[in-house]
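# Secondary and tertiary structure notes
Below are the chains, spelled out letter by letter.
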Amino acid sequence: MSPVSPPRRRFLRLLAWCSGLPLWPRLGYPDDARLRQALQELTGGTLPKYHPGVGLRMPSRAVSRLAVPVRVACRLRRVDMIALLVRDHPDPLAARFNLSPRMRPAIRTHLRILQDSEVIAVVRADGRYFRQSAKISVSEGCS
Amino acid sequence: MIEYRSKRHRDDSVELRLFFPASEIWTGEETWPERHLDRLSLHLHGALILEAGFGPGIAAEPFFALRIDGTRPGDRLEIRWHTNQGRSGVLEIVLP
């Protein structure tokens, strides 16, 4: 006879499960509600993983806030979507490109970033979503 | 008119750079973010090769640099764009 009776053991196991449950689904999700919603609409609910194959190059300090040069270049195969999101923006999704196989997954563009923020590049490659992010400071200088 | 530059690289890909001057997007009355470039699409011989949608986070004078593979010199590329308040335009270019 074990010191812990089976119903109690089951209850303890259930308790352990339930205590971890609220942490699980939003683990790693960005804290901002608007950004989270934009990401969910973009990917259909799956959280894009960080991947070093998604190259995001942009200055850490902007010369002009009205046109911040951003370059996305992917080393992944079968990329058919590239999106750029700006955290702390009323509408975080700034640009979304659907690419055919003729287009190379390398895009340069200019974004409007009005406050210190983070730019997130989301890429769909072979049906899976990956992301990369970079922080930017626009509060210095006289732009 | 939008401005463009196109260049064929050694690996036979074409680099296309597009610049939308403020006069193509804005009429002067609106303040950000009421008006911005909303959609951009590229058609190569009638086939859609790029479709893009934008939010207010795109620059007021948008700029894009894109690379296109598998084209021949003389191919015709059609560029279509719309702003979110109904202005639109079409530009047809011949690839180098």
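Along each chain, numbering runs from 1 in the same order as the chain's sequence is written. To label them, take the chains in the order written and letter them from A, then take the ligands in the order written and number them from 1. In keeping with the model being predicted, local features are shown solely for residues with a pLDDT of at least 70 and side-chain atom pairs are shown and tallied solely at 80 or more, while totals for entire chains, interfaces and linings include all residues. Excluded from the side-chain calculation are hydrogens and water; included are all heavy atoms of the structure.

## Considerations on the overall build of chain A
Where we set the bar: Strands are runs of DSSP state E lasting at least two residues, helices are runs of H or I lasting at least four, and both sets are numbered from the N terminus onward. Per-residue accessibility, obtained with a 1.4 Å probe over protein chains only, is compared with the maximum for each type, and a residue is labelled buried under 20%, exposed over 50%, and partly exposed between these values. In these tables, accessible area is a Shrake-Rupley quantity obtained with a 1.4 Å probe, and a residue counts as shielded only by the protein chains included in the view.
Counting its secondary structure elements, chain A contains 2 helices and 8 strands. The order of α-helices and β-strands along chain A, N terminus first, is α-α-β-β-β-β-β-β-β-β. When burial is assessed residue by residue, chain A has 40% of its 143 residues classed as buried. When the accessible surface of chain A is summed, it comes to about 8600 Å², and 56% of that surface belongs to carbon and sulfur atoms.

## Some points on the pairing of strand β4 (residues 47–54) of chain B
Test applied: Here a strand pair is declared whenever DSSP counts at least two bridges between the two strands.
Taken together, the 5 bridges between strand β5 (residues 93–99) of chain A and β4 of chain B define a ladder with antiparallel strand orientation. Each residue of the ladder has a partner; that of Asn98 of chain A, found in β4 of chain B, is Glu51 of chain B. Across 6 bridges, the pairing between strand β3 (residues 37–44) of chain B and β4 of chain B is antiparallel. Within β4 of chain B, the residue paired with His43 of chain B across the bridge is Leu48 of chain B. Counted along the chain from β3 of chain B to the antiparallel partner β4 of chain B, the turn is 2 residues long, and its residue His45 of chain B has a positive phi close to 50°.

## Re the interface of chain A and chain B
This is how the line gets drawn: Residue contacts are counted whenever heavy atoms from the two residues lie within 4.5 Å of one another. Buried area, as used here, totals the accessible surface that two parts lose on assembly, with accessibility defined by a 1.4 Å probe and the loss added over both. Think of a salt bridge as a Lys or Arg side-chain nitrogen and an Asp or Glu carboxyl oxygen that are within 4 Å of each other. Any pair of N or O atoms that falls within 3.5 Å is considered a polar contact. Within protein, one atom must be able to donate a hydrogen and the other to accept it, and sequence-neighbouring residues count only if both atoms are side-chain atoms.
On the side of chain B, 29 residues touch chain A, which itself brings 23 residues to the contact. Summed over both sides, the interface of chain A with chain B buries roughly 2300 Å², with 53% coming from carbon and sulfur. Among the ionic pairs, Arg104 of chain A bridges to Asp69 of chain B, the shortest N-O distance being 2.8 Å. On inspection of chain A and its partner chain B, the count reaches 14 residue pairs in polar contact (both at pLDDT 80 or more).

## A few points about unusual backbone geometry
All names here are of chain A. The phi torsion at Arg78 lies on the positive side, around 50°, for a residue other than glycine. Tracing the backbone through its elements, the reader meets Arg78 in the loop between β3 (68–74) and β4 (79–86). Overall, Arg78 belongs to the exposed group, its relative accessible area being 60%. Positive phi, close to 55°, is recorded for Asp126, a residue that is not glycine. Note that Asp126 resides in the loop between β7 (117–125) and β8 (128–136). The exposure class of Asp126 is exposed, given its relative accessible area of 51%.

## Observations concerning the pattern of salt bridges
For the structure shown, the criterion picks out 11 salt bridges over all chains. Across the pair Arg67 of chain B and Asp11 of chain B runs a salt bridge whose closest N-O atoms are separated by 3.6 Å. Of this pair, Arg67 of chain B sits in strand β5 (residues 63–68) while Asp11 of chain B sits in the loop between β1 (3–8) and β2 (14–19), and the two are 56 residues apart along the sequence. Take Asp11 of chain B: its relative accessible area is 43%, and that puts it in the partly exposed class. A salt bridge links Glu92 of chain B to Arg76 of chain B, with the shortest nitrogen-to-oxygen separation between them at 3.1 Å. In this pair, Glu92 of chain B sits in strand β7 (residues 88–94) while Arg76 of chain B sits in strand β6 (residues 76–83), placing the two residues 16 residues apart along the sequence. Each member of the salt-bridge network shares a partner with another, and the members are Arg104 of chain A together with Asp11, Arg67 and Asp69 of chain B.

## Looking at the sheet that holds β3 of chain A
Keep this limit in mind: Lines fitted to C-alpha atoms define the axes here, with helix axes fitted over just the stretch in contact, and angles between the N-to-C directions of these axes take values from 0 to 180 degrees.
What the 6 strands build is an open sheet, ordered β2(A)-β3(A)-β6(A)-β5(B)-β2(B)-β1(B); its pairing is antiparallel. The two strands at the open ends of the sheet, each matched to only one other strand, are β2 (54–57) of chain A together with β1 of chain B. The average undirected angle you get between the axes of adjacent strands in this sheet is 15°.

## Concerning the pairing of β3 of chain A
Residues and elements named next belong to chain A. With burial as the criterion, only one face of β3 is covered, namely that bearing Val68, Val70, Val72 and Cys74; the residues Pro69, Arg71 and Ala73 on the opposite face remain uncovered. Across 4 bridges, the pairing between β2 and β3 is antiparallel. Each residue of the ladder has a partner; that of Gly55, found in β3, is Ala73. The pairing of β3 with strand β6 (residues 106–111) spans 6 bridges and is antiparallel. Directly across from Val72, in β6, lies its bridge partner Ile107.

Spatial relationships are all this shows, so hold off on functional conclusions.
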